[in-house]
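Here are the chains, one letter per residue:
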Amino acid sequence: MVRVSFFTRIVVTIILIAGILISLPNALPQSVRSRLPAWWGSQAVSLGLDLQGGSYLLLEVQLDEVQKDKVDSLRGDVRRALRKAHIAFSFDSTSQNSGGISVHIVGHDQLENARAIIDGLNPSASGSLLSVGQRQFDVSELGGDHILLRMSDVYLKQAQQDIVGQSIEVVRKRIDALGTREPTIERQGDDRIVVQVPGLSDPTELIRILQTTAKMTFQLVDESADIEQAQRGVVPIGSELVQMNDPKQPPIVVQRRVVVAGDRLQEARADFDSQTGAPDISFKFDTVGAKEFGDVTKENVGHKFAILLDKKVLTDPVIQSVILGGQGVITGNFTTESAKELAVLLSAGALPAALKPIDQRTVGAELGADSVKAGGYSTMAGLALVILFMIGRYGLFGVFADVALVFNIILLVAMLTLLGATLTLPGIAGIVLTMGMAVDANVLIFERIREEQRNGRGMIASIDQGFQRARATIIDANATHLIASLILFELGSGPVRGFAVTLGLGIVTSFFTAVMVTRLMVVLWLEIRRPKTLTI
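The present account deals with the structure reproduced in this document. (Residues numbered from 1 in each chain as written. Predicted model: local features only at pLDDT ≥ 70, side-chain atom pairs only at ≥ 80, totals over all residues. Heavy atoms only, no water.)

A tally of helices and strands in the chain yields 16 helices and 18 strands. The globule rule puts the C-alpha radius of gyration for 536 residues at 24 Å, and the 33 Å found for the chain is more than 25% above it. A principal-axis box enclosing the C-alpha atoms of the chain has dimensions of 105 × 65 × 40 Å. Looking at the chain as a whole, 42% of its 536 residues qualify as buried. Within the chain, contacts between residues separated by at least 24 positions form 69% of all contacts whose residues are at least 6 apart in sequence. (Helix = DSSP H or I, 4+ residues; strand = E, 2+ residues; numbered from the N terminus. Rg over C-alpha atoms; globule rule 2.2 N^0.38 Å. Buried < 20%, exposed > 50% of the residue type's maximum accessible area, 1.4 Å probe, protein only. Contact = heavy atoms within 4.5 Å.)

Right under this line is the structure:
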């Protein structure tokens, strides 16, 4: 018998009503949506770059620079540790270009001690099951009392994943701080980031902000250094010559050791000097940074320290007194806009690696509007043709299939809304394709019912067997389509993924509407009309 339990009827009804309510804001104008409750009216599918215009950026993370910085940092640690242990050594300059460090130990009797010291400077890689027991650098002994350190493959791969992941988070924070709505930021490949910002017609400012590493450091000024000699290349050991942010001011020499790192900043905001009214930036450290900053100011009262941003000195004030509480002010030749921009960069955090734009495109709003119009026409045309075909081919049962198709589209839009998905032109193509696939399941059911009638079964038995025997075929067909959509989503990117998402969700909703909704409508028709004969 063709039956649908009371519980199933209630569940199907609830799902359909929920789908209508969730997808409804997408059909309402913004003026109406603004008057709805926030939890309801704000839920709508956002349009992609190709539908509303905006800017597209493809950024490449400069991983080589991070690897070089890591090697340079280790080289400095090895230098200080071996000097402290009074072990004579020298670095092989040729190893620097190969991504490693070659240390020549003077005196064979000191080789074991040097190896033990270097092992102590080589921490374990962490963050992955594959890195358990692995060190950041592979250490090996060469002939002639040489020790070679090279970054391990496991740690290098892990570091690359972490750096790209951190870069994505920093990029997202910076774009959000600019007030840009609904950006799309995702990884592409091993070292690239795709940034799509709908509604942004000129990406110049965005590129400039994203290219700024914003790595801030607090370092003591080397007041004993001779600036003229430093400009000729004679810089004291452990110090470096750095340029001022204002090109009119002469460079200064600072100690290489970072006394407080910029990642200790907890808060940064644009402000104004209470006496001069000039724009400045007030900042606040976290607990650890506040302690480090307090210790530095306590030990260096009367001396200068420099605040550096991307290796350029913003300011180099004299420490007048001990600064406790971890709060301070950065002054300089700031404008109101530059102070706000720098505060945004510092609050979002420093990029772990520089970003290089390798592709940028701008889609005009007019082109986006044309795409929306074309997508709407294609969807309505596809829907109309499918509806007419199903009614002409299957009569009343075709009407049932068309009603289920409408519910299928509603449920698909509702799922896209719940997932916060972005609708693109390929996504619209996936919706149009879903409409054909949705009625395909009904075609299988109806043709199976016809076959059962030709075999001499009665009306009720034909309907019952038609739904039951077509179900296996529908499951097989939908499973293969779902596998294809999953492969597209996993291997594809950008527009391909948008198509795969709508196609995959459409497969799920079409199976539900064909097997459950159409069946429920047929059962209700049989219960209400009680027909004597069946004509499909």
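Mapped onto the fold, Thr509 is located in helix H16 (residues 495-529). The residues contacting Thr509, other than those within four sequence positions of it, are Asn408, Leu411, Leu412 and Met415.

On to the pattern of salt bridges, then. Proximity of charged atoms lets side chains of opposite charge pair with each other. For the structure shown, the criterion picks out 14 salt bridges. The closest approach of N and O atoms between Arg393 and Glu447, which form a salt bridge, is 3.4 Å. Here the residue Arg393 occupies a position in helix H12 (residues 365-394), and Glu447 occupies one in helix H14 (residues 425-454), the gap between them amounting to 54 residues. Salt bridges here are not isolated pairs; linked through shared partners, they connect Arg448, Glu451, Glu452, Arg457 and Arg469. (Salt bridge = Lys/Arg side-chain N within 4 Å of Asp/Glu carboxyl O.)

Attention now moves to the packing of aromatic side chains. For any pair of aromatic rings, geometry is given as the distance between the ring centres together with the angle between the planes. Summed over all chains, the structure comprises 14 aromatic pairs. For the ring pair Phe218 and Phe283, a centre distance of 5.7 Å and an interplane angle of 50° mean the geometry is tilted. Here Phe218 is found in strand E9 (residues 216-221), whereas its partner Phe283 is found in strand E13 (residues 279-285), with 65 residues between them in sequence. Each member of the pair, Phe218 together with Phe283, is buried. Summarising the aromatic geometry, the rings of Phe293 and Phe305 are spaced 6.0 Å apart at their centres and angled 70° between planes, so their arrangement reads as edge-to-face. Taken together, the residues Phe293 in helix H10 (residues 287-299) and Phe305 in strand E14 (residues 305-309) connect sequence positions 12 residues apart. In this structure, Phe293 and Phe305 share a single accessibility class: buried. Taken together, the aromatic side chains of Phe218, Phe283, Phe285, Phe293 and Phe305 make up a single cluster linked through ring pairs. Over the aromatic face of Tyr56 sits the side chain of Arg361, whose NZ or CZ is 4.1 Å from the ring centroid. The ring of Phe489 carries Arg497 above its face, with NZ or CZ at 4.4 Å from the centroid. (Phe/Tyr/Trp six-rings, centres within 6.5 Å; stacked < 30°, edge-to-face > 60°. Lys NZ or Arg CZ within 6 Å of the ring centre and 35° of its normal.)

All right, on to helix H8 (residues 204-211) then. Residues Leu206, Ile207, Ile209 and Leu210 constitute the buried set of H8. Buried residues of H8 fall within an arc of 165° about the axis and therefore sit on the same side. (Arc of directions from axis to C-beta.)

Next up on the list: the sheet that holds E13. Overall, antiparallel pairing links the 3 strands, which are arranged E12-E13-E16 in an open sheet. This sheet does not close on itself; its edge strands, each paired only once, are strand E12 (265-272) and strand E16 (327-330). Strand-to-strand twist across the sheet, computed as the mean angle between neighbouring axes with direction ignored, equals 25°. Bridge count between E13 and E16: 4 bridges; the pairing is antiparallel. Bridging from a neighbouring strand, Lys284 pairs with Gln327 of E16. (Pairing = 2+ DSSP bridges. Axes fitted to C-alpha atoms, helices over the stretch in contact; angles between N-to-C directions.)

Here the focus is the pairing of strand E6 (residues 146-151). The pairing of strand E4 (residues 100-105) with E6 spans 5 bridges and is classified as antiparallel. Bridge pairing links His104 to His146 in E6.

Tracing the sequence through the fold places Ser347 in helix H11 (residues 336-348). Judged by its relative accessible area of 44%, Ser347 falls in the partly exposed class.

Before going further, it helps to examine the packing of helix H13 (residues 396-418) against H14. Between H13 and H14, whose axes approach to 10 Å, the crossing angle comes to 145°. In this structure, H13 crosses over H14, and the sense of that crossing is right-handed. Only Ile431, Thr434, Met435, Ala438, Val439, Asn442, Phe446 and Ile449 of H14 make contact with H13, whose side of the interface consists of Phe397, Gly398, Ala401, Leu405, Asn408, Ile409 and Leu412. Among the residues forming the contact of H13 with H14, the class breakdown is 11 nonpolar, 4 polar and no charged. (Left-handed = near helix turned anticlockwise from the far one by under 90°. Nonpolar A, V, L, I, M, F, W, Y, C, P; charged D, E, K, R; others polar.)

Time to look at the sheet that holds strand E8 (residues 192-198). Taken together, the 4 strands give an open sheet; going across it, the order is E7-E8-E2-E17, and neighbouring strands pair in antiparallel fashion. Each having just a single partner strand, strand E7 (184-188) and strand E17 (355-363) make up the two edges of the open sheet. Strand-to-strand twist in this sheet, taken as the mean axis angle between neighbours without regard to direction, amounts to 15°. Lying over the sheet, H8 contacts strand E2 (54-61), E8 and E17, oriented at roughly 165° with respect to E17.

General note: in soluble globular proteins, nonpolar side chains tend to be found buried as a group. Core analysis: the largest hydrophobic core is formed by 37 residues, its most contacted members being Phe397, Phe446, Ile449, Ile463 and Leu534. When contributions to this core are tallied by element, the ones reaching two or more residues are helix H1 (6-23), H12, H13, H14, helix H15 (459-491) and H16. Here the element with the most residues in this core is H16; it accounts for 9 residues. Once you skip the residues sitting within four places of it in the chain, Ile449 turns out to touch Phe397, Ser462, Ile463, Gly466, Phe467, Leu534 and Ile536. (Core = buried A, V, L, I, M, F, W, Y, C linked by side-chain atoms within 4.5 Å.)

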